[in-house]
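# Analysis of the macromolecular model
Listed below are the residues making up each chain.
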Amino acid sequence: MFEKVVTILLPIFAIMGLGYLSGRLELIGKNSAVILNRFVTHISLPLLLFGALASQPIDEIFNLPFIVSFGAAVLVCFLLPWVLLRDKSDMSKRAIRGLGASFANVGFVGLPLLTPMVGTLALPALGVSNLIVLTAMAVTVLLLELARNDTGNLGPAIRTALVHTFKNPIIFSLVAGTAFSISGLSLPGWIDRTTQIVGAATPPVALFAMGEALVAARLTNLGEIGVLAAVKLIVMPLIVLGILQLFPQVDPKWAVSAVMLAALSTAVLEYIVATEYREDVQEASGLVLLTTILSALTLPVFVIWSLHIWPLP
């Protein structure tokens, strides 16, 4: 089992390492990380998710134990920094910290991690987990807008949060793919093939872009970042593991997927949100860097642990 896990995980970190090296040497330009990130988040990943969800029956897309365990873990880890880091920080800082401790990097690392383990189930699991973590991002944007708004008027803040969420191509693809699945219609062959061809670029480009993005990251405030990293990398997958024990009949593939996705590092999108609102940018970039480095140690532990509990064929 250990050899299988190493075979799956090492290429992931190797490709990220190549991206980091490319960014350091500026092999493909100074703004390449931004461009590659946009390709993944705006084109390849949305098309991949739409094609996967649209071509599967609705009852095979959503799994209750997965949704409950992963959703609860995101919620708890979003709120936990508000309790653990009791300082005089305002709501904006707390919201960014909560997002950093709960926003798993499912969009960039989830697919190459899960596919060798659970096969075609990887895409539905990726779609549902993306929906959950992007909901956490929407709540964060709402809190940031409320903190920015001095009038106390909820309307503009809610409107901005909703627009920010539904303008996200990933959210749009999830909604459209689910709607197409519910309709019972068959996806035209050429559309299905197009989503597969473009979507196939997602894993390598996402990992490479992740590595390039780390070049700009800096480690500061190690005390606070360390707490957030512990919540993200240890507490979050432990919560998922604990809740899944309440579902003795859980499908092993869905259970393993939930644990693995929960054990991933903090997503680069957390840093992007922090940059957009100019809130703890250095701390956010440091958290992405630290969790990415430490996940090389913690992720194999949770992968092996989950496979021990729910052996896969």
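Report on the accompanying structure. Here the structure is a predicted model, which is why all the values come from computation and not from measurement. (Residues numbered from 1 in each chain as written. Predicted model: local features only at pLDDT ≥ 70, side-chain atom pairs only at ≥ 80, totals over all residues. Heavy atoms only, no water.)

## Points about the packing of helix α3 (residues 64-84) against helix α6 (residues 122-148)
For the pair α3 and α6, interaxial distance at closest approach is 10 Å and the crossing angle is 30 degrees. In terms of orientation, α3 lies roughly parallel with respect to α6. Crossing of α3 against α6: the hand is right-handed. Note on element contacts: α6 touches α3 through Ala125, Val128, Ser129, Ile132, Val133, Ala136, Val139, Thr140 and Leu143, opposite Phe66, Ile67, Phe70, Gly71, Val74, Phe78 and Trp82. Taken together, the residues that form the contact of α3 with α6 break down as 13 nonpolar, three polar and no charged. (Axes fitted to C-alpha atoms, helices over the stretch in contact; angles between N-to-C directions. Helix = DSSP H or I, 4+ residues; strand = E, 2+ residues; numbered from the N terminus. Parallel < 35°, antiparallel > 145°, perpendicular 65-115°, else oblique. Left-handed = near helix turned anticlockwise from the far one by under 90°. Contact = heavy atoms within 4.5 Å. Nonpolar A, V, L, I, M, F, W, Y, C, P; charged D, E, K, R; others polar.)

## Some remarks on the packing of α3 against helix α4 (residues 91-102)
With their axes 7 Å apart at the nearest point, α3 and α4 run at an angle of 140 degrees to one another. Compared by their axis directions, α3 and α4 come out oblique. As for how α3 packs across α4, the hand of that crossing is right-handed. Across the interface between the two elements, Val74, Cys77, Phe78, Pro81 and Trp82 of α3 pack against Met91, Arg94, Ala95, Arg97, Gly98, Leu99, Ala101 and Ser102 of α4. The residue inventory of the contact of α3 with α4, partitioned by class, reads nine nonpolar, two polar and two charged.

## Brief notes about the layout of surface pockets
The computed volume of the largest pocket comes to approximately 930 Å³. Lining the largest pocket are 40 residues, with Val34, Asn37, Arg38, Leu269 and Ile272 sitting closest to its centre. Of all the secondary structure elements, the ones that give two or more residues to the lining of the largest pocket are α2 (32-54), α5 (106-118), α6, α8 (169-183), α10 (202-213) and α13 (268-276). With eight residues, α2 is the largest single contributor of residues to the lining of the largest pocket. Looking at the lining of the largest pocket residue by residue, the class counts come to 21 nonpolar, 13 polar and six charged. (1 Å grid on protein atoms, 1.4 Å probe; cavity = no way out; pocket = protein on both sides within 12 Å on 5 of 7 lines; lining within 4 Å. Points joined across faces, edges and corners; volume = space filled by probe spheres on them.)

## Re the packing of aromatic side chains
Tallied over the entire structure, the rule returns five aromatic pairs. Here phenylalanine 66 and tryptophan 254 contribute two aromatic rings whose centre-to-centre distance is 5.2 Å and whose plane-to-plane angle is 70 degrees, an arrangement assigned as edge-to-face. Placement of the pair is phenylalanine 66 in helix α3 and tryptophan 254 in helix α12 (residues 252-262), with a sequence separation of 188 residues. There is no split in this pair, since phenylalanine 66 and tryptophan 254 are both buried. Taken together, the ring pairs connect Phe66, Phe70 and Trp254 into an aromatic cluster. (Phe/Tyr/Trp six-rings, centres within 6.5 Å; stacked < 30°, edge-to-face > 60°. Buried < 20%, exposed > 50% of the residue type's maximum accessible area, 1.4 Å probe, protein only.)

## Some details on α10
Taking 1.5 Å per residue, twelve residues should reach 16 Å; α10 reaches 16 Å between its end C-alpha atoms and fits that length. With nine of twelve residues buried, α10 is to be regarded as a mostly interior element. Restricting attention to buried positions, one finds in α10 the residues Thr202, Pro203, Val205, Ala206, Leu207, Ala209, Met210, Gly211 and Glu212. (Expected span 1.5 Å × (residues − 1).)

## Observations concerning unusual backbone geometry
A positive phi is found at glutamate 26, a non-glycine position, where the angle reads about 55 degrees. Structurally, glutamate 26 is set in the loop between α1 (2-25) and α2. Accessibility expressed as a relative area gives 44% for glutamate 26, which makes it partly exposed.

## Topic: the environment of valine 163
The residue valine 163 is located in helix α7 (residues 154-166) in this model. A relative accessible area of 42% means that valine 163 is categorised as partly exposed. In sequence terms valine 163 and alanine 138 are 25 residues apart; their C-alpha atoms lie 9.3 Å from each other.

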